[in-house]
Amino acid sequence: MKQWSRWILLFLLWIGIVVYLLIGKSVLGKISVLKKYTECSIENAQSQEKEQWGISPKEALLCLKKEEEKEAPEAFLFWREKKSQTIENTELSREGSFPVMEICGNSALLFPGENSLNKEDTESCLIGDETAWKLFGDTNIIGKILIYGKKTYYVQGVLPKTDIFLCEADENSQVLLDKLTFYADSYSEKNRIKEQLGNEYNLILKEAPAYWSFILKRAALFLFPACILLYLLFRARKNKLLFRSMIFIVFIFFMAGIVFIFDITPDKLPNRLSDIDFWTEAFQKGMEDFFLNCNFFSFSRI
């Protein structure tokens, strides 16, 4: 009986490893894509009221047009999210309250890989699958009509696992777009683009603390193999030679885990380890992002 229980436990362990690898591959794939999209809030030095932060759609379109005229333009868009906005389906006499995102630019910077809107698509919209079920009772609704803010929109695509309504902001709208999202391949490239956009378009940009959400996801992936390794270390405690070898393996594994969890790359390290100013600034920014992140989970794309 004891022999059978060991085989069952071993079988379950292998099943767990296979499931972990499949889930881990999917999560890491999403992280590797989404971490290249940096989200910033647009602040206004002349106003303390957050409702007055941002730029108008007209100004945003001018910025995008100016960028497109460059030989190597940067990919970015402006947007704002409103909560509990009324969306109507007059054909079926249905309506509901949903989060609305008004954007200026290509929506693929917010929802990579999905059907996208461009700044010219002012009469089209994207909606979440939950929105589609509530308003239509179906997700096969391309070309269907919805009403938002007394304006008619044609459904261009359906976004999975969300209840959002997304549309291009009207050029003459009085709404202020208070978020900017841009694409960057690396940490150093992100800092360069953020500084360039801020200076060139006179924007005060403050990066959203999405970095910590990525850290938590990597830490969750690290937990499973760490538990297995610690269990093997515990089982090897009676064999001194094996125990010492396992301690070395565990040490290397956890050091590699720190690099993995915090995504430590060469461009994130100072030229000298004794650069106190670098470590102080990094710690202060990390703590600021951490506390901001506690109240920043209202919108997530993972």
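Residues numbered from 1 in each chain as written. Predicted model: local features only at pLDDT ≥ 70, side-chain atom pairs only at ≥ 80, totals over all residues. Heavy atoms only, no water.

(A) Geometry of the pairing of strand 8 (residues 179-183). For strand 8, the tally of buried residues reaches four of five residues, placing the bulk of the element in the interior. As paired elements, strand 1 (residues 37-43) and strand 8 share five bridges and run antiparallel to each other. Bridged to Cys40 within strand 8 is Leu180. As judged from the four bridges shared by strand 2 (residues 76-89) and strand 8, these two strands associate in the antiparallel manner. (Buried < 20%, exposed > 50% of the residue type's maximum accessible area, 1.4 Å probe, protein only. Helix = DSSP H or I, 4+ residues; strand = E, 2+ residues; numbered from the N terminus. Pairing = 2+ DSSP bridges.)

(B) Summary view of the pattern of salt bridges. For the coordinates displayed, the defined rule picks out 12 salt bridges. Put simply, Arg80 and Asp178 hold a salt bridge, and the shortest N to O gap is 3.6 Å. One end of the pair, Arg80, is in strand 2; the other, Asp178, is in the loop between strand 7 (165-168) and strand 8, and 98 residues separate them in sequence. Asp178 sits in the buried class, given a relative accessible area of 13%. Among the ionic pairs, Asp170 bridges to Lys151, the shortest N-O distance being 3.8 Å. Within this pair, whereas Asp170 is found in the loop between strand 7 and strand 8, its partner Lys151 is found in strand 6 (residues 151-159), the two being separated by 19 residues in sequence. Owing to a relative accessible area of 23%, Lys151 belongs among the partly exposed residues under this scheme. Among the charged side chains, a network of salt bridges with common partners joins Glu67, Lys70 and Glu200. (Salt bridge = Lys/Arg side-chain N within 4 Å of Asp/Glu carboxyl O.)

(C) Focus on the environment of Arg235. Note that Arg235 resides in helix 5 (residues 210-235). There is a polar contact of 2.7 Å between the side chain of Arg235 and the side chain of Tyr231. (Polar contact = N/O pair within 3.5 Å; in protein donor to acceptor, adjacent residues only side chain to side chain.)

(D) Fine view of the pairing of strand 1. Most of strand 1 is tucked away, with six of its seven residues classed as buried. Bridge analysis of strand 1 against strand 9 (residues 204-207) gives four bridges, and the strand direction is antiparallel. Within the sheet, the bridge partner assigned to Cys40 lies in strand 9 and is Glu207.

(E) Broad picture of the packing of aromatic side chains. Enumeration over the complete set of coordinates arrives at eight aromatic pairs. Arranged with centres 5.6 Å apart and planes meeting at 85°, the rings of Phe76 and Phe78 form a pair that is edge-to-face. As far as the burial class goes, Phe76 and Phe78 line up, both buried. One aromatic cluster in this structure is built from Phe76, Phe78 and Tyr201. Against the face of Trp79 rests Lys179, its NZ or CZ located 5.8 Å from the ring centre. (Phe/Tyr/Trp six-rings, centres within 6.5 Å; stacked < 30°, edge-to-face > 60°. Lys NZ or Arg CZ within 6 Å of the ring centre and 35° of its normal.)

(F) How the structure looks around the environment of Ser56. Mapped onto the elements, Ser56 comes out in the loop between strand 1 and helix 2 (57-68). In this structure the C-alpha to C-alpha distance between Ser56 and Leu177, which are 121 residues apart in sequence, comes to 6.1 Å. Residues within four places of Ser56 in sequence aside, it is in contact with Val175 and Leu176. (Contact = heavy atoms within 4.5 Å.)

(G) Representation of the nonpolar core. Formed by 21 residues in total, the largest nonpolar core has its most connected members in Phe76, Phe78, Cys104, Leu180, Phe182, Leu197 and Leu203. Only strand 1, helix 2, strand 2, strand 8 and helix 4 (187-200) provide two or more residues apiece to this core. Ranked by residue count, the leading element in this core is helix 2, at four residues. Once you skip the residues sitting within four places of it in the chain, Phe76 turns out to touch Cys63, Leu64, Glu67, Leu109, Leu180, Thr181, Phe182, Leu197 and Tyr201. Listed in part, the 15 residues of the second largest apolar core include Ile141, Leu146, Val155 and Cys167. (Core = buried A, V, L, I, M, F, W, Y, C linked by side-chain atoms within 4.5 Å.)

(H) Representation of a nonpolar patch on the surface in the model. Judged by side-chain polarity, Phe248, Ile249, Phe251, Ile252, Met255, Ile258, Val259, Phe262 and Ile264 come together as a nonpolar surface patch covering roughly 810 Å² of accessible area. Assignment of secondary structure puts Ile258 in helix 6 (residues 240-261). Classification of Ile258 as partly exposed rests on a relative accessible area of 42%. (Patch = residues over 30% accessible without salt bridge, like charges linked within 9 Å, V, L, I, M, F, W, Y side chains within 5 Å. Areas by Shrake-Rupley, 256 points an atom, 1.4 Å probe, with all protein chains shown as cover.)

(I) Quick peek at the environment of Glu91. By secondary structure assignment, the location of Glu91 is in the loop between strand 2 and strand 3 (94-104). A sequence separation of 45 residues divides Glu91 from Phe136, and the C-alpha atoms of the two residues are 9.3 Å apart.

(J) Up close: the confidence of the model for the protein chain. Across the protein chain, the average pLDDT comes to 80, with 78% of residues at or above 70. In this model residues 295-302 is a low-confidence stretch, pLDDT under 50, and it forms 17 contacts with partners more than four residues away in sequence or in other chains. (pLDDT = per-residue confidence, 0-100.)

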